[in-house]
Amino acid sequence: MGEYIKPAQAYKKLDAAKLLKQGVYMYSSSGFGKTELIRQYLKKQQYIYILCQQNYCDLSVIPDDYSGTVVIDNVNSIESIELRSDIAALTGRQGIWLIIAGRSRMPSWLFDSFIRRNMMLISEEDIALSPEGIDKFMRSEGIILSADEIQYEYKTSHGNMMGLIYTAQMLKSGEKLSDNIYQKVLTLVLRYFEDSVIAAMNTEIVDMLMKISVTEDFTEPLAVMLTGNSAICSVIEQALDVGNFIEKNGDVYSMRPEMLMALRNKAAKEFTPDELRQYALIAGAYYETSGEDNKALELYAKYNEKRRIKELLVRNSRRNPESGYFIEMKKYYLMLSDEDISSSAYLMSAVSLVYSMMMDFEKSEYWYDQLVKYKNSVKGAKYREAVTQQAYLDIALPGRGSQNILELIKSCYTILSNKSIPMPEFSVTSNQPSLMNGGKDFCEWSKHDRKIAATAGKIVCAFLGKYGKGLVNAALGESFFEKGEDPYEVLAMCSSARLESEAGGKLELRFAATAVMIRQHIMLGNPAAAKDILNSFERTVKAEKTKKLLPSIEAMRCRIALMEGDPAAVEQWLLSAPDEDEEFIGMERYRYLTKIRCYIRSGELGRACSLIASVKYYAEKCDRKYIQMELSLLEAIVRQRSGKNWERGFIKALEVISSYHFIPIISREGAAIYELLMQSREKCFADKNIDRKWLETVIQETGRVARRYPLYLKTDAVSAVKVSPMDTRILACLADGLSVQKTAEILGLNFETLRSRIKDLYRRLGVKNKTEAVMVAMEMKLI
């Protein structure tokens, strides 16, 4: 083996603990090298080393008058209460520098002493080799890796020394770094886990872990069901104490992938296939009762439980797309035979909806027609089910667009009421932060919003049931907002809608009303209030476990970050953003539109253009007028920044938007669109299809937003501009309203030199005048 590579962070903490005479607790999973770390660190001094094995730990080797370093290793193997107490007592003994090493984050029995004695914690992350450490280790073995290969090795090994040693051995034998080597190393690591780590645990822990290994994660109730042990929480606690392979997030436990694979290997040897199937079915039943149907389906599919799959899909099909898992479950729906689908009105409806979401409109209409035929051939309860599902599809199918929605709702309401058939559950938001651009496009309604609210509001709310609570106020509030009406009336109406929906309504509608309030505060130049409202609503969503709203909430947070010019927050959101190249899903439209803005900000105009084309195809096919208008504006920005002809398309977009008198759809793009408005101003005012008064308001509001959020959609190069201390002093003088001459006198600079420097500063900040420069500097917190 090559030279020992010191884990820098672990050494730094040991040095500090030694200087301060702090006790140390260090932990890591097997193979990271904590024992070797201790030996290397203490190799030049005398110390007492005690290895705990199978509930044996000989503390008598420490003389009563001993003063020096004591290392107690592998403490996780100790189950004796007396021994644990003796080790804990050592943490307070004078004259001893105590280093305790184990595999778990912190044994519960040691935690009190750790806190009271102010011990130093050295974690697995501190012990693991960094990419730089991996490079040094491989070089000591005579192996030179490229930067990409080092990153690959870091990603696959997590800095685990055992895996790195195995990899180095294979590389020296002539193999090339690849997934093939990774699989070979993984096989060796799994064998070590099974033969050494798992074998050292008591049988009760191993039995529990093997049974829960049929799942990806577990909770205490699930562990009780799988083991039949009502006191399983104590076994889980023991498992947490013996190793660093279980993580807890809220009420959910998950295991490290390598440990999970090792346990599955052992379970396959210890249990029969029928026994494993039974454990999987028990877990599936638990997931069904917990509302986690997608997890149940994964288990049923793995064990080919076709009957259970069909039963679960039928039940899921009774829900609307907002509370069901149609996209997540589409592979299971599409696995069903035509015979199975044709046996249930709910399945035909669900498959038609899934195909429409996938934009395969031909197959969607095929299953709609099959549903109609089915309806005409059955009676009684099955007939009523088919009528309900047909009514639902008539309104909800994305491929049908938004034409005549009000007439369809009235017609369905009349038919179903006359036949005493329950109304289908239908959400007008589709978990989007909007009603106007939610489950359907309701832009046309905005032209006659007050009239529709007065004449059809009651019918629509009755048809929607719980989803109709607060609908009228929320819809009017959003319509007024989009037309730039009194912001305080908008906020009042949305607040009323939220209160109405809280009284027996749905959280989805409350989200739409809350989102309008957030957008209104942004337009008013109060992003702090917007973030407070968003954070408060997110807490409500998590408390009510309405997880399907969280992706849109995160996208809203990203949009606020874009407005404020916060690149770190934007990059963080992009890590969880949907991948349009992997699969395009219409219900992700709000997040796609957010991602387009992220691409524009980062200067990735080609990717922005490509995603615009995909969303535009969807918007045209599904008659989403609002999205088409929004895309036209974003496309104009991309084309202008790409040096392409943009003006004609931009003016055409303004003509369409003018017919609705929408304002924030343009003004919220601030500085990114203001430049286009100024450059095309004369042609826009000369265009008879653009309302002149409306245009004046748009320009005024857009300019206001541009001044409030000068960093919105600025490229990374501008956001990350380097500003010297002298530049900051210049900006401060400009902010104070000083002239260039006065500034030059104060700073002791030549007048022409200062003018040249200010011009260069404007260029680097991406601004054109003093006002913009001061605004950008304030946003960047330079002054």
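Everything quoted here is computed from the prediction, not taken from an experiment. (Residues numbered from 1 in each chain as written. Predicted model: local features only at pLDDT ≥ 70, side-chain atom pairs only at ≥ 80, totals over all residues. Heavy atoms only, no water.)

(A) Layout of the pairing of strand β2 (residues 47-51). Covered by surrounding structure in β2 are Ile-48 and Ile-50 only, the residues Tyr-47, Tyr-49 and Leu-51 on the alternate face being uncovered. Pairing geometry for β2 and strand β3 (residues 68-73), over five bridges, is parallel. When the bridges of β3 are listed, Ile-50 appears paired with Ile-72. (Buried < 20%, exposed > 50% of the residue type's maximum accessible area, 1.4 Å probe, protein only. Helix = DSSP H or I, 4+ residues; strand = E, 2+ residues; numbered from the N terminus. Pairing = 2+ DSSP bridges.)

(B) The pattern of salt bridges, seen in detail. For the structure on display, the rule yields 44 salt bridges. The salt bridge partner of Glu-630 is Arg-559, with a shortest N-O separation of 4.0 Å. In this pair, Glu-630 sits in helix α33 (residues 625-641) while Arg-559 sits in helix α29 (residues 550-564), placing the two residues 71 residues apart along the sequence. Residue Arg-559 is classed as buried on the basis of its relative accessible area, which comes to 16%. Across the pair Arg-591 and Glu-588 runs a salt bridge whose closest N-O atoms are separated by 2.8 Å. In this structure, a network of salt bridges that share partners links the residues Arg-559, Arg-597, Glu-630, Arg-668 and Glu-669. (Salt bridge = Lys/Arg side-chain N within 4 Å of Asp/Glu carboxyl O.)

(C) How the structure looks around the nonpolar core. With 203 residues, the main nonpolar core has Leu-209, Tyr-333, Ile-596 and Ile-666 as its most contacted residues. Counting residues per element, this core draws most heavily on helix α27 (residues 507-523), at eleven residues. Counting 24 residues, the second-largest nonpolar core is a separate cluster that includes Tyr-25, Tyr-27, Ile-62 and Ile-96. (Core = buried A, V, L, I, M, F, W, Y, C linked by side-chain atoms within 4.5 Å.)

(D) Geometry of the packing of aromatic side chains. Within the structure shown, the criterion is met by 15 aromatic pairs. Ring centres of Tyr-25 and Tyr-27 lie 6.4 Å apart, and the angle between their planes is 20°; on these two criteria the pair is classed as stacked. In this structure Tyr-27 comes out as buried when scored by relative accessible area, which is 7%. Relative to Tyr-253, the ring of Phe-218 has its centre 5.1 Å away and its plane inclined at 15°; by these criteria the two rings are stacked. (Phe/Tyr/Trp six-rings, centres within 6.5 Å; stacked < 30°, edge-to-face > 60°.)

(E) Region of the structure containing the sheet that holds strand β6 (residues 217-218). Ordered in space as β6-β8-β7, the three strands form an open sheet in which the pairing is antiparallel. Among the strands making up the open sheet, the edge pair consists of β6 and β7 (246-249). As paired elements, β6 and strand β8 (residues 252-255) share two bridges and run antiparallel to each other. Across the sheet, Phe-218 pairs through a bridge with Tyr-253, a residue of β8.

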